[in-house]
Amino acid sequence: MSRMKALKERADEYAKEHREAFESWTHGEIISAWLHEGNPDVVCIRYEDGRYWHYKETPEGLRWW
């Protein structure tokens, strides 16, 4: 699997979990996703409204900030 395809799959999975944590998701769909500079364990996702979050898998589950 290519790195870009793997990144897209991770971004889709993380965004789905993030959306499901809210009753009403207002940020839209994914516009872009990239690996955090200096930490490839962190995926950054930008949404249609311009906001973006960092996502990281932890032993306690997915964390976003």
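Shown above is the structure to which this text applies.
## Concerning helix 1 (residues 3-20)
Here helix 1 spans 26 Å end to end across 18 residues, near enough to the 26 Å set by a 1.5 Å rise per residue. Residues Leu7, Ala11, Tyr14, Ala15 and His18 constitute the buried set of helix 1. What you see down the axis of helix 1 is that its buried residues fit within an arc of 100 degrees, all on one side. Check the buried side of helix 1 and you find it contacts strand 1 (30-36), strand 2 (39-47), strand 3 (52-58) and strand 4 (61-64).

## A word on the sheet that holds strand 4
Judged by pairing direction, the sheet is antiparallel, and its four strands sit side by side in the order 1-2-3-4 without closing on themselves. Edge positions in the sheet fall to strand 1 and strand 4, since each of these pairs with one other strand and no more. Across this sheet, the average inter-strand angle for adjacent strands is 25 degrees, counted without regard to direction. Here strand 3 runs beside strand 4; their pairing, made up of four bridges, is antiparallel. Its bridge partner being in strand 4, glutamate 57 is matched across the sheet by leucine 62. Against the sheet, helix 1 engages strand 1, strand 2, strand 3 and strand 4, with an angle of about 65 degrees to strand 2.

## Quick look at the pattern of salt bridges
Summed over all chains, the structure comprises two salt bridges. Across the pair lysine 8 and aspartate 12 runs a salt bridge whose closest N-O atoms are separated by 2.7 Å. With lysine 8 and aspartate 12 both in helix 1, this residue pair falls four residues apart, about one helical turn. With a relative accessible area of 34%, aspartate 12 lands in the partly exposed category. Note that lysine 16 is salt-bridged to glutamate 20, the shortest N-O span being 2.8 Å. Taken as a pair, lysine 16 and glutamate 20 lie in helix 1 at a separation of four residues, close to a single helical turn. By relative accessible area, which is 55% here, glutamate 20 ends up exposed.

What counts and how
The numbers attached to residues start from 1 for each chain and follow its sequence in the written order. Since the coordinates come from a predicted model, pLDDT governs what is reported: local features require at least 70, and pairs of side-chain atoms require 80 or more to be given and counted, while whole-chain, interface and lining totals use all residues. Only hydrogens and water are removed before side-chain values are computed, so all heavy atoms of the structure are retained for them. We count a stretch as a helix when DSSP gives it H or I for four or more residues in a row; a strand needs E for two or more, and each element gets its number in order from the N terminus. By this rule, a helix spans an expected 1.5 Å times one less than how many residues it contains. Residue burial is assigned from relative accessible area. The probe radius is 1.4 Å, only protein chains are included, and a residue is buried under 20% of its type maximum, exposed over 50%, and partly exposed in between. Our arc is simply the arc of the directions from the helix axis toward the C-beta atoms. Here, residues are in contact when the closest pair of their heavy atoms is within 4.5 Å. Two strands pair under a simple rule: DSSP has to find at least two bridges between them. Under this scheme, a helix contributes an axis fitted over its contacting stretch, all axes are lines through C-alpha atoms, and angles between N-to-C directions fall in the 0 to 180 degree range. Any Lys or Arg side-chain nitrogen located within 4 Å of an Asp or Glu carboxyl oxygen qualifies as a salt bridge.

Scope: geometric values only; no functional claims are made or implied.
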